[in-house]
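Below, each chain spelled out in residue letters.
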Amino acid sequence: GSRKRPFRAPRRGGPPTRRPFPPAVFRSSKHRKSAVSHPTASHPTATVTPANSQAASAAAVTAWSVLGAISLCHMINDVMQSMLAAIYPLLQVEFSLTYAQIGVMTFAFQVTASLLQPVVGIVTDRHPMPKSLALGMLSSFAGVLTLAQADSYPMLLAGAMLIGLGSSIFHPES
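Sequence order sets the numbering: in each chain, residues are counted from 1 along the sequence as written. Where local features are concerned, this predicted model is filtered to residues with pLDDT of at least 70; where side-chain atom pairs are given and counted, the filter is 80 or more; whole-chain, interface and lining totals use all residues. As a rule here, side-chain values cover all heavy atoms of the structure and leave hydrogens and water aside.

Trainee: Residue-level account of the overall build of the protein, with values.
Mentor: Along the protein, the regular secondary structure elements total 6 helices and 2 strands. In DSSP terms, a helix is any run of H or I states spanning at least four residues, a strand is any run of E spanning at least two, and both are numbered starting from the N terminus. Traced from its N-terminal end to its C-terminal end, the protein shows the element sequence α-β-β-α-α-α-α-α. A burial count over the protein gives 26% of its 174 residues as buried. Contacts are residue-level and defined by heavy atoms, with any inter-residue pair within 4.5 Å sufficient. The long-range fraction of contacts in the protein, counting pairs at least 24 apart against all pairs at least 6 apart in sequence, stands at 61%. A total accessible area of about 11,900 Å² is found for the protein, and carbon and sulfur atoms account for 66% of it. Categorising residues by exposure relies on relative accessible area from a 1.4 Å probe, with only protein chains included: less than 20% of the type maximum marks a residue as buried, more than 50% marks it as exposed, and the intermediate range marks it as partly exposed. Every accessible area reported is derived by Shrake-Rupley at a probe size of 1.4 Å, with residue values counting cover from the shown protein chains alone.

The structure is reproduced here in structure tokens:
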């Protein structure tokens, strides 16, 4: 049927059971007619004519742009997470925090970031929510703003938990 068998290595010099690449990739240019073989088209042996090659090129540019934007957001999200640990000495001095309070803040961040992530992942696997990427970044941003405006220890905890929540929402979808 339509189900392809996986590629298997040849037995003692025999041919493989399925070719690892579509035959169109191996054709030389003199065997092609007016169409150009394009291995990234919707079907491995589909051809792209000059008329629709511009659309395929635009789609490839869009795909790379989206991938670049998601990668940049992922980096920013990870930097916001690591920023929390980096500012512990500043928070300790400014709020006269004990090591136990810093530990509780770390625990609050890690619980929201680590333990909620599998739950969010299960939900988004069943019901894809691409807009949750923006929601995760918004939560992380709100956490950073809360830390910046904090005037008490409970606000510091809330900011740390918002950063963790944003991370747990962002990572499964990215």
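Trainee: Quick rundown of the nonpolar core? Include the residues and the values.
Mentor: Buried Ala, Val, Leu, Ile, Met, Phe, Trp, Tyr and Cys residues that are joined via side-chain atoms within 4.5 Å together make up what is termed a nonpolar core. Among the nonpolar cores identified, the biggest contains 17 residues, and Leu-84, Leu-91, Leu-97, Met-105 and Leu-156 are the most heavily contacted of them. Looking at this core, the elements that each hand over two or more residues are α3 (88-95), α4 (99-126) and α6 (153-173).

Trainee: So what's going on with α4? Residues and values would help.
Mentor: Given 3.6 residues per helical turn, the α-helix brings residues three or four places apart onto the same face. Each helix should span, by expectation, one fewer than its residue count multiplied by 1.5 Å. Compared with the 40 Å implied by 1.5 Å per residue over 28 residues, the 41 Å span of α4 between its first and last C-alpha is a close match. Here the bend at each residue means the angle between axes fitted to two seven-residue stretches, the one ending at that residue and the one beginning there. Taken as a whole, α4 carries its principal kink of about 40° at Gln-117; the proline Pro-118 stands between one and four residues after it. Buried within α4 we find Ile-102, Met-105, Ala-108, Phe-109, Thr-112, Ala-113, Val-120, Gly-121 and Thr-124.

Trainee: Any chance you could break down unusual backbone geometry for me, citing the residues and the numbers?
Mentor: The phi torsion at Ser-96 lies on the positive side, around 50°, for a residue other than glycine. As for its placement among the helices and strands, Ser-96 is situated in the loop between α3 and α4. Using a relative accessible area of 61% as the deciding quantity, one classes Ser-96 as exposed.

Trainee: Hey, could you go over the packing of α4 against α6 for me, with residue numbers and the actual values?
Mentor: Interaxial angles span 0 to 180 degrees and are taken between N-to-C directions of axes, which are lines fitted to C-alpha atoms, for helices over the stretch in contact. Axis separation between α4 and α6 bottoms out at 7 Å; the angle between their running directions is 25°. The angle between the axes of α4 and α6 places the two elements in the roughly parallel class. Two packed elements cross with a definite hand, and for α4 against α6 that hand is right-handed. Three categories are distinguished: nonpolar for Ala, Val, Leu, Ile, Met, Phe, Trp, Tyr, Cys and Pro, charged for Asp, Glu, Lys and Arg, and polar for the others, with Gly belonging to the last. Counted by class, the contact of α4 with α6 contains 16 nonpolar, 9 polar and 1 charged residues. We call two directions roughly parallel when the angle between them is under 35 degrees, roughly antiparallel when it is over 145, roughly perpendicular when it lies between 65 and 115, and oblique otherwise. What makes a crossing left-handed is the near helix being turned counterclockwise from the far one by less than a right angle; a clockwise turn instead makes it right-handed.

Trainee: Residue-level account of a nonpolar patch on the surface, with values.
Mentor: A grouping of Leu-72, Met-75, Ile-76 and Val-79 is seen on the molecular surface, where their side chains present a nonpolar patch of about 350 Å² in accessible area. Within the secondary structure, Val-79 is located in helix α2 (residues 50-86). Two joining distances apply to patches: 9 Å for like charges and 5 Å for nonpolar side chains (Val, Leu, Ile, Met, Phe, Trp, Tyr), and every residue must have over 30% relative accessible area and no salt bridge. Criterion for a salt bridge: a side-chain nitrogen of Lys or Arg within 4 Å of a carboxyl oxygen of Asp or Glu.

Trainee: Tell me about the side chain of Thr-112, and name the residues and values.
Mentor: Mapped onto the fold, Thr-112 is located in helix α4. Judged by its relative accessible area of 9%, Thr-112 falls in the buried class. Here Phe-109 takes part through its backbone oxygen, which lies 2.9 Å from a polar atom of the side chain of Thr-112. Any N or O atom pair separated by 3.5 Å or less is treated as a polar contact, with the protein-specific requirement of one donor-capable and one acceptor-capable atom, and with residues adjacent in sequence counted only for side-chain atom pairs.

Shape is all these values report; function is a separate question.
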